[in-house]
Amino acid sequence: MSGDGTPLLQVRGISKRFGGLQAVHDLSFDLRRGEILALLGPNGAGKTTAFNMIAGYFRTDQGRILFEGRDIAGRKPWDICRIGIARTFQLSKPFSDLTVAENLMVGGFVRRSEIDEIRAKALEIADFLGMGHQAATEVQHLTAFDRRKLELGRALSTEPKLLLMDEVVAGATPSEAQEMVELVRRIRDRGVTILIVEHVMKVIMALSERVIVMESGRLIANGKPKDVVRQPEVLKAYFGEGYAARA
Amino acid sequence: MALRISKNMGAPQLATKSGYGRMATLLVVAAGVVALALPIAMPDPYFVHSCIVVLLFAYMATSWNFVCGYVGQLSIGHAMFAGVGGYATVLIFSRLGISPWLGMLVGGVLAAMLSVVVGYPTFRLKGPYFALTTIAFAEMIRIWVENTDTFLGIPLNGAAGITVPLVGESWVAFQFNGKTPYYYVILVMLVLALLATWRLERSKLGFYLKAIRGDRDAAEALGISPARYQLVALAISAFMTGVGGGFYAQFFRYVNADRLIGVEFSIDLALMSIIGGQGTVFGPLLGAVLLTPIAEITRGHLGGVLPGLHIVIYGIILILAVLYLPKGLIDPLRSILSRLSKNGRSA
Amino acid sequence: MDPLILGFAVVNGLLIGGIYGGVALGLSLIFGVLRVVNFAHGSLLMVGLYTAYWLQALAGIDPYASVIFTVPLLFCMGYFIQRVIIAPLIWRESALVVEPLSALLLTAGVYLVIDNLALMAFGPDVRSASTSLDMPPIMLGPIPVNMQRFIGFSAAILAAIGLVVWLRQTRMGRAIRATAQNRDAAALSGIDVPMIYAVTFGVGTALLGLFGSLLATFIPITPNVGLSFGIRSFIVVVLGGIGSIPGSILGGLVIGVFEAIASQFVPATSAAILSLGLFILILLVRPGGLMGKL
Ligand SMILES: Nc1ncnc2c1ncn2[C@@H]1O[C@H](COP(=O)(O)OP(=O)(O)O)[C@@H](O)[C@H]1O
Ligand SMILES: [Mg+2]
């Protein structure tokens, strides 16, 4: 189940600098159609920054981002969405005075124009998330985890080819994390390619066939989860010098 | 109303909502019938005049709400659009002899064009910054008009304002001896504005505006260019406000910068929408219907003695509404309606 | 352009500009600490002006002496507005930030009430107070300097310095600055935040009492004189950097000189339009203002 091999997304040497801080340095990786790729790294590694460059929220200082062969670096977020890349936010950003169903309808307009069709689609996504019974609930009454699921559902409502997810299980209980992992799998099974950013390693082990690891803005590892976690650079990045030496 | 049913689709809610919907529809129909019959039932010219003022404010507040209520930005400069519409209507009629009906539309288009110029840079600003910038734009225009007697050969008459040249009763010239025709014109305009808002609620533009109001970044991630859709909505709102300014000119037969472009008029529109319930179809109407009579009554009875009384009352109601009813008066009204319809069913 | 006339315009612009800056100090302070844009700012200046006027008209108190009444009165008004009207909003918003638009709407309500109460009470007539003190202009070389304006200007500079020193050196001042930086952290460290807010608001408006007294002798006093001062204060504060005390004075000086020189070339009303345009431009291009941290 590791995709048909043609790269959907090719990141080629992107960099981003904030003042004196090189947040992302010459980052390159490929994302194959149909795979779940995890982007790992300790806090501050530059994951969200890289993510924001792909999603069009930050300009790249240099480098190219090819989606289905076309360079999308520098495009605006709304154009990126139209092209077929959806994203979630690390801190979920629901439209809190709208209902769950309305939240799920907004994204539908990029692909369809019939409102009844969009509504039906939104309800279908609500069911998919296990939130069908909450369709008419205003978001401000939802739990934090339900909001996070809604965030995911909202991204799905734009019918993306590629879904970028930023720390979807942060702060979740183990059973919630399990539910989220299950959801992500089912999204992939619907034919969506997934790039998932996490710093919790455990989740990733269960989820992805391949991981890449960033540290201080650079890519330090790329491979199968169980191999990557044995690499000394990765251990060092995560647990410090001493741990790597002991291991 | 259908709009509520369509927005809420959980199965258990659906039942009560449609009861509520029937109730609301009934209310709207009843209000419509009363509005149609009013000038016939009570033809007293002073009364009809007051009703026209109420409807005009309701129309203007509804126009304001079309963008501000749905996108969650506070414009305190909407009077500039009314001013453009009003001045354009009068000038086009008095200088070119073109019917005010057409003049109003031209005024609306000019207002929409101005709104794009104003909105393009300012919509990037948030909260108070946006509000203050809209005041600044409107004040620039007001001060300019107030101090300009002629511009490119067009007489603006400075602070004195311009009167509509009278030609006697004429449909083409939009001049009537009685008040009743004006009443029906503004009623139709109001109904159109409400319909436009109702359409907005269930349209892509409406969803997009509410998304921008909810969270700009999240909206962008869903394929929405905030600048573009805010501008579209603003232009529509400015067009409506401009046409309203044209009606204002024809009805009062007079425009001047202080009244029509002044901050106070802008604040009135915002205040009525907010007190009634911004971001809803009927909220601004409710606000205007409740507040405008206060002005009419205090002006009529105490106007000479206590000139600012109604605004003092507006101010107090605004403070109370912001503190205790941030969703406007329409919010409790809605819950009463839905409770009533629930009780009706169980009985 | 005659250099003497230009020199006169610059000196006058500096004097008036300093006064603008002084009037704007409170607006900046209140925004800096409470994040509330006080739309009623100009209205409270109007209250100060009328108080000075009536104290003279009814009790024969010289406007300059009326400071001992106007300052406490305006402090109390500000304290009351914060405690009774704005505080409920701040505590209703459980999150860290006040919804700035709601705060603006509240103070807009206060503006409507105060301005129109004044209109009801005093009518639309233009009034002016006069001082019995003899104040001939002093000569700055060939340029005559209006004494009343000079006093207003000096008061603005002193008030700004006083405010900075007070915020730096006193317990209360430090508590205010701590609250401005992080309300919740301040509350955790034992600072009585509601009291700090009310005092800050009070101090911000007390300054308007001071300028009400000092301006009463040369500003035509009407019920709606406040709005134009309020709008100008917004301009000044935005120009100088919101929340910055020295920025407020600097912004005032820039606007004062700008308007004085501009009105040598274009009519005074066009100068007003230009400064509104400048305001919009600053907000769009440099929302942090000249001295802002943003
Ligand atoms: N908008 C920004 N401005 C300045 N610095 C930033 C910005 N966003 C992120 N950074 C910095 O860039 C580095 C990488 O941050 P980020 O990409 O958020 O890391 P991660 O998501 O891996 O935890 C951090 O040091 C962070 O402080
Ligand atoms: Mg991150």
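About the criteria used
- Residues numbered from 1 in each chain as written.
- Chains lettered and ligands numbered in written order.
- Predicted model: local features only at pLDDT ≥ 70, side-chain atom pairs only at ≥ 80, totals over all residues.
- Heavy atoms only, no water.
- Contact = heavy atoms within 4.5 Å.
- Buried area = accessible area lost by both parts, 1.4 Å probe.
- Salt bridge = Lys/Arg side-chain N within 4 Å of Asp/Glu carboxyl O.
- Polar contact = N/O pair within 3.5 Å; in protein donor to acceptor, adjacent residues only side chain to side chain.
- Helix = DSSP H or I, 4+ residues; strand = E, 2+ residues; numbered from the N terminus.
- Nonpolar A, V, L, I, M, F, W, Y, C, P; charged D, E, K, R; others polar.
- Pairing = 2+ DSSP bridges.
- Near = heavy atom within 4 Å.
- Areas by Shrake-Rupley, 256 points an atom, 1.4 Å probe, with all protein chains shown as cover.
- Patch = residues over 30% accessible without salt bridge, like charges linked within 9 Å, V, L, I, M, F, W, Y side chains within 5 Å.
- Lys, Arg positive; Asp, Glu negative; His and termini not counted.
- Charge placed at Lys NZ, Arg CZ, Asp CG, Glu CD.
- Buried < 20%, exposed > 50% of the residue type's maximum accessible area, 1.4 Å probe, protein only.
- Donors = N, O, S within 2.8 Å, 3.2 Å for Na, K, Ca; no water.
- Core = buried A, V, L, I, M, F, W, Y, C linked by side-chain atoms within 4.5 Å.
- pLDDT = per-residue confidence, 0-100.
- Phe/Tyr/Trp six-rings, centres within 6.5 Å; stacked < 30°, edge-to-face > 60°.
- Lys NZ or Arg CZ within 6 Å of the ring centre and 35° of its normal.
- 1 Å grid on protein atoms, 1.4 Å probe; cavity = no way out; pocket = protein on both sides within 12 Å on 5 of 7 lines; lining within 4 Å.
- Points joined across faces, edges and corners; volume = space filled by probe spheres on them.

1. A few points about the interface of chain A and chain B
Next, step 1: Facing the 27 residues of chain A at the interface are 28 residues of chain B.
Next, step 2: Between chain A and chain B lies a buried interface of about 2400 Å² when both sides are counted; carbon and sulfur atoms form 64% of it.
Next, step 3: Of all residues in chain A, the largest losses of buried area upon contact with chain B belong to A:Trp78, A:Phe95 and A:Phe109, amounting jointly to 23% of the total for that side.
Next, step 4: For the pair chain A and chain B, the number of links is three salt bridges.
Next, step 5: Here B:Asp217 makes a salt bridge to A:Lys93, at a shortest N to O gap of 3.5 Å.
Next, step 6: The interface formed by chain A and chain B holds five residue pairs in polar contact (both at pLDDT 80 or more) in total.
Next, step 7: Looking at the side of chain A that touches chain B, the elements that each hand over two or more residues are α2 (77-83), α3 (100-106) and α4 (115-128) of chain A.
Next, step 8: Looking at the side of chain A that touches chain B residue by residue, the classes come out as 15 nonpolar, four polar and eight charged.

2. Some points on the sheet that holds strand β2 (residues 21-32) of chain A
Residues and elements named next belong to chain A.
Next, step 1: Taking strand neighbours across the sheet as the criterion, the four strands line up as β2-β1-β4-β5 in an open arrangement whose pairing is antiparallel. The two strands at the open ends of the sheet, each matched to only one other strand, are β2 and β5 (70-71).
Next, step 2: Inspection of the sheet shows strand β4 (residues 62-67) paired to β5 by two bridges, in the antiparallel sense. Along β5, the bridge assignment pairs Phe-67 with Arg-70.

3. Brief notes about the site of ligand 1
Residue and element names in this part refer to chain A.
Next, step 1: Residues in contact with ligand 1, as listed here, are Phe-18, Leu-21, Ala-23, Pro-42, Asn-43, Gly-44, Ala-45, Gly-46, Lys-47, Thr-48, Thr-49 and Phe-58.
Next, step 2: At 2.8 Å from an oxygen atom of ligand 1 is found a main-chain nitrogen or oxygen belonging to Lys-47.
Next, step 3: Between Thr-48 and ligand 1, the recorded distance is 2.6 Å, taken from a side-chain N or O atom to an oxygen atom.
Next, step 4: Here ligand 1, which alone exposes 560 Å², has 62% of that area covered by the protein.
Next, step 5: Within the residue set of the shell around ligand 1, elements represented by two or more residues are β2 and α1 (47-54).
Next, step 6: Top contributing element to the shell around ligand 1 by residue count: α1, with three residues.

4. Topic: a positive patch on the surface
Next, step 1: There is a patch of like positive charges on the surface, built from A:Arg82, A:Arg111, B:Lys204 and B:Arg228.
Next, step 2: Within the element layout of this structure, A:Arg82 appears in helix α2.
Next, step 3: You can call A:Arg82 partly exposed: its relative accessible area is 32%.

5. Remarks on the coordination of the magnesium ion (ligand 2)
Next, step 1: Taken together, the protein donors to the magnesium ion (ligand 2) comprise A:Thr48 (OG1) and A:Gln90 (OE1), at separations of 2.0 to 2.4 Å. You can see A:Thr48 sitting in helix α1 and its partner A:Gln90 sitting in the loop between β6 (85-87) and α3, a full 42 residues away along the chain.

6. Side note on the arrangement of the chains
Next, step 1: For this structure, the chain pair with the highest number of contacts among two pairs of chains in contact is chains B and C.
Next, step 2: Between chain A and chain C there is no contact; the minimum C-alpha to C-alpha separation amounts to 13 Å.

7. Some details on a nonpolar patch on the surface
Residue and element names in this part refer to chain B.
Next, step 1: On the surface, Leu-96, Ile-98, Leu-102, Leu-105, Val-106, Val-109, Leu-110 and Met-113 cluster together into a nonpolar patch covering about 690 Å² of accessible area.
Next, step 2: The biggest single contributor to the nonpolar patch is helix α5 (residues 100-122), with six residues.
Next, step 3: Positionally, Leu-110 belongs in helix α5.
Next, step 4: Given the relative accessible area of 36%, Leu-110 is considered partly exposed.

8. Some thoughts on the interface of chain C and chain B
Next, step 1: Contacts between the two partners involve 36 residues from chain C and, on the opposite side, 38 residues from chain B.
Next, step 2: In this assembly, chain C packs against chain B so that about 3300 Å² is buried in total across both faces, 86% of it on carbon and sulfur atoms.
Next, step 3: A per-residue breakdown of the area chain C buries against chain B is headed by C:Leu105, C:Met120 and C:Leu284, which together make up 18% of the total.
Next, step 4: The interface formed by chain C and chain B holds zero salt bridges in total.
Next, step 5: For the pair chain C and chain B, the number of links is zero residue pairs in polar contact (both at pLDDT 80 or more).
Next, step 6: Secondary structure elements with two or more residues in the side of chain C that touches chain B: α3 (67-92), α4 (100-122), α9 (225-240) and α11 (268-285) of chain C.
Next, step 7: The element that contributes the greatest number of residues to the side of chain C that touches chain B is α4(C), accounting for 16 residues.

9. Describing the nonpolar core
Next, step 1: A:Leu163, B:Leu74, B:Phe247 and C:Phe39 are the most contacted members of the largest nonpolar core, which has 280 residues in total.
Next, step 2: Looking at which element gives the most residues to this core, the answer is helix α3 (residues 45-71) of chain B, with 17 residues.
Next, step 3: With sequence-adjacent residues up to four places away left out, B:Phe247 is seen in contact with B:Ile52, B:Leu56, B:Met104, B:Phe174, B:Tyr182, B:Val185, B:Ile186 and B:Met189.

10. Some points on the pattern of salt bridges
Residue and element names in this part refer to chain A.
Next, step 1: By the definition in use, this model includes 24 salt bridges over all chains.
Next, step 2: One salt bridge connects Arg-119 with Asp-116, and the closest N-O pair in it is separated by 3.1 Å. In this pair, Arg-119 and Asp-116 are both assigned in helix α4, three residues apart and thus about one turn of the helix distant.
Next, step 3: Of the residues examined, Arg-119 reaches a relative accessible area of 14% and is grouped as buried.
Next, step 4: The exposure class of Asp-116 is partly exposed, given its relative accessible area of 46%.
Next, step 5: Note that Glu-124 and Lys-121 form a salt bridge whose closest N and O atoms lie 3.7 Å from each other.

11. Some points on the confidence of the model for chain B
All names here are of chain B.
Next, step 1: Summary statistics for chain B give a mean pLDDT of 86 and a share of 92% for residues scoring 70 or more.
Next, step 2: Across chain B, element-level confidence peaks in helix α10 (residues 226-252) with a mean pLDDT of 95 and bottoms out in helix α1 (residues 2-7) with 38.
Next, step 3: The low-confidence segment residues 1-16 (pLDDT under 50) makes 34 contacts with residues lying over four places distant or belonging to another chain.

12. Considerations on unusual backbone geometry
All names here are of chain A.
Next, step 1: A positive phi angle is found at Glu-167, which is not glycine, with a value near 50 degrees.
Next, step 2: By secondary structure assignment, the location of Glu-167 is in the loop between β7 (162-166) and α6 (174-189).
Next, step 3: Accessibility expressed as a relative area gives 3% for Glu-167, which makes it buried.
Next, step 4: Despite not being glycine, Ser-216 has its phi angle at roughly 45 degrees, a positive value.
Next, step 5: Among the structural elements, Ser-216 can be located in the loop between β9 (210-215) and β10 (218-223).

13. Side note on the packing of aromatic side chains
Next, step 1: In total, this model carries 29 aromatic pairs over all chains according to the counting rule given.
Next, step 2: Geometrically, the ring pair formed by A:Tyr57 and A:Phe89 is edge-to-face, given 5.8 Å between the ring centres and 90 degrees between the ring planes. With A:Tyr57 in the loop between α1 and β4 and A:Phe89 in the loop between β6 and α3, this pair connects stretches of sequence that are 32 residues apart.
Next, step 3: Ring geometry for B:Phe176 and B:Tyr182: centres 5.2 Å apart, planes at 75 degrees, overall edge-to-face. Taken individually, B:Phe176 and B:Tyr182 each receive the classification buried, so the pair is uniform in this respect.
Next, step 4: The lysine or arginine in question, A:Arg186, covers the ring of A:Phe128, its NZ or CZ lying 4.4 Å from the ring centre.
Next, step 5: Over the ring of B:Trp198 we find B:Arg202, and its NZ or CZ is 5.8 Å from the ring centre.

14. Points about empty space enclosed by the protein
Next, step 1: With the rule as written, the count across this model stands at eight cavities of 30 Å³ or more.
Next, step 2: One number sums up the size of the largest cavity: a volume of about 110 Å³.
Next, step 3: Lining the largest cavity are B:Pro128, B:Tyr129, B:Leu132, C:Leu27, C:Ser28, C:Phe31, C:Val37, C:Phe234, C:Val237, C:Val238 and C:Ile242.
Next, step 4: Elements represented by at least two residues in the lining of the largest cavity include exactly α6 (127-146) of chain B together with α1 (3-34) and α9 of chain C.
Next, step 5: Class assignment of the residues belonging to the lining of the largest cavity gives a composition of ten nonpolar, one polar and no charged.
Next, step 6: Quantified by volume, the second largest cavity comes out at close to 80 Å³.
Next, step 7: If you trace the second largest cavity, you find 15 residues lining it, with B:Ser75, B:Phe123, B:Phe130, B:Thr134 and B:Leu234 closest to the centre.

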